[in-house]
Amino acid sequence: NAGVTQTPKFRVLKTGQSMTLLCAQDMNHEYMYWYRQDPGMGLRLIHYSVGEGTTAKGEVPDGYNVSRLKKQNFLLGLESAAPSQTSVYFCASSRGTGDTGELFFGEGSRLTVL
Amino acid sequence: RKEVEQDPGPFNVPEGATVAFNCTYSNSASQSFFWYRQDCRKEPKLLMSVYSSGNEDGRFTAQLNRASQYISLLIRDSKLSDSATYLCVVNGLGGYNKLIFGAGTRLAVHP
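Computed from a predicted structure; not experimentally measured.

Structural notes on the overall build of chain A
Stage number 1. Helix and strand counts for chain A come out as 0 helices and 11 strands.
Stage number 2. When the helices and strands of chain A are placed in sequence order, the string is β-β-β-β-β-β-β-β-β-β-β.
Stage number 3. For 114 residues, the compact-globule estimate of 2.2 N^0.38 gives 13 Å, and the C-alpha radius of gyration of chain A, at 13 Å, lies within 12% of that figure.
Stage number 4. Overall size of chain A, expressed as C-alpha extent along the three principal axes, is 40 × 30 × 25 Å.
Stage number 5. A burial count over chain A gives 47% of its 114 residues as buried.

Laid out in structure tokens, this is it:
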């Protein structure tokens, strides 16, 4: 039962470098999300997708881009990393419309930008 | 004011104790409420939903007070395995994109 898988788990970048975080889910979920979690703050939504080929901005989208070319994958890109993007990034997925509130999260990706 | 506020803790309690966490939310239009659990350096997982009438799941009881805009989580007979951070989550305007997460309350249960 893989569920939601994120790669890489850890990454260290220098300011200005780019990278892509990959999220894959095998539950056939329509909705996928990228959150960041910082100390003393709740998870904040970066971008989300309500289906293949669609993306939308969340609460803190600046400095990030996303793509959902396949239903099972949701990619988060940092074009020019900044120290303020040092964080733990969580991908999540959910079944779709309806309000059960159950998000299934990946194990997280710890990113440090020097 | 944060949209969802929680006491960060930590709450340090002995095994067998009863402990309660509160969470306040600012949007009176919020419709759905949840508690998630997050173990250290792990991902959050849904613990339980919070219904208007209150609901119980084993040793865990969740209550909602709409008039005062707060949610509570009560844990009875605490176990060592209950040590974790408990996240209060509120759905403001419907849709998963509107889930607002509190920063969490840390619980440490000791022998």
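Comments concerning the nonpolar core
Stage number 1. Counting residues in hydrophobic clusters, the biggest one holds 23 residues, and the most contacted among them are B:F21, B:W35, B:I71, B:L73, B:I75, B:Y86 and B:L107.
Stage number 2. Those elements that place two or more of their residues in this core are β3 (19-25), β4 (32-38), β5 (44-50), β7 (60-65), β8 (70-75), β9 (84-91) and β11 (105-110) of chain B.
Stage number 3. Beyond its immediate sequence surroundings of up to four residues, B:L107 is in contact with B:F11, B:V13, B:V19, B:F21, B:I75, B:D82, B:S83, B:A84 and B:Y86.
Stage number 4. In this structure, A:V4, A:M32, A:Y64 and A:Y89 belong to the second largest nonpolar core, which totals 18 residues.

With respect to the interface of chain A and chain B
One frequent convention defines the size of an interface as the accessible area lost when the parts assemble.
Stage number 1. If you look at the interface, chain A gives 23 residues, while chain B gives 19 residues.
Stage number 2. Between chain A and chain B, a total of about 1800 Å² is buried, with carbon and sulfur atoms accounting for 53% of that surface.
Stage number 3. Joining chain A to chain B, the criterion identifies 0 salt bridges.
Stage number 4. At the junction of chain A and chain B, the tally comes to 2 residue pairs in polar contact (both at pLDDT 80 or more).
Stage number 5. At the level of secondary structure, the elements contributing two or more residues to the side of chain A that touches chain B comprise β4 (31-37), β5 (44-49) and β9 (87-94) of chain A.
Stage number 6. A total of 4 residues in the side of chain A that touches chain B trace back to one element, the largest contributor, which is β4(A).
Stage number 7. Class assignment for the residues of the side of chain A that touches chain B results in 10 nonpolar, 9 polar and 4 charged.

Notes on the packing of aromatic side chains
Stage number 1. If you walk through the whole model with that rule in mind, you get 12 aromatic pairs over all chains.
Stage number 2. Between A:Y35 and B:F101 the ring centres are 5.4 Å apart and the planes differ by 75 degrees, which places this aromatic pair in the edge-to-face class. Of the two residues, A:Y35 sits in strand β4 while B:F101 sits in strand β10 (residues 99-101), which places them in two different chains. In this pair, the class of A:Y35 matches that of B:F101, namely buried.
Stage number 3. The interplanar angle of 35 degrees and the centroid separation of 5.4 Å between the aromatic rings of B:F21 and B:Y86 together place this pair among those described as tilted.

Regarding the pattern of salt bridges
Stage number 1. Using the criterion set out here, one finds 7 salt bridges over all chains in the structure.
Stage number 2. The salt bridge partner of B:E56 is B:R76, with a shortest N-O separation of 3.5 Å. With B:E56 in strand β6 (residues 55-57) and B:R76 in the loop between β8 and β9, the pair connects residues that are 20 residues apart, well separated along the chain.
Stage number 3. Since its relative accessible area comes to 27%, B:R76 is described here as partly exposed.
Stage number 4. Members of the salt-bridge network, linked through shared partners, are A:R36, A:D38 and A:R44.

What counts, and at which threshold
- Residues numbered from 1 in each chain as written.
- Chains lettered and ligands numbered in written order.
- Predicted model: local features only at pLDDT ≥ 70, side-chain atom pairs only at ≥ 80, totals over all residues.
- Heavy atoms only, no water.
- Helix = DSSP H or I, 4+ residues; strand = E, 2+ residues; numbered from the N terminus.
- Rg over C-alpha atoms; globule rule 2.2 N^0.38 Å.
- Buried < 20%, exposed > 50% of the residue type's maximum accessible area, 1.4 Å probe, protein only.
- Core = buried A, V, L, I, M, F, W, Y, C linked by side-chain atoms within 4.5 Å.
- Contact = heavy atoms within 4.5 Å.
- Buried area = accessible area lost by both parts, 1.4 Å probe.
- Salt bridge = Lys/Arg side-chain N within 4 Å of Asp/Glu carboxyl O.
- Polar contact = N/O pair within 3.5 Å; in protein donor to acceptor, adjacent residues only side chain to side chain.
- Nonpolar A, V, L, I, M, F, W, Y, C, P; charged D, E, K, R; others polar.
- Phe/Tyr/Trp six-rings, centres within 6.5 Å; stacked < 30°, edge-to-face > 60°.

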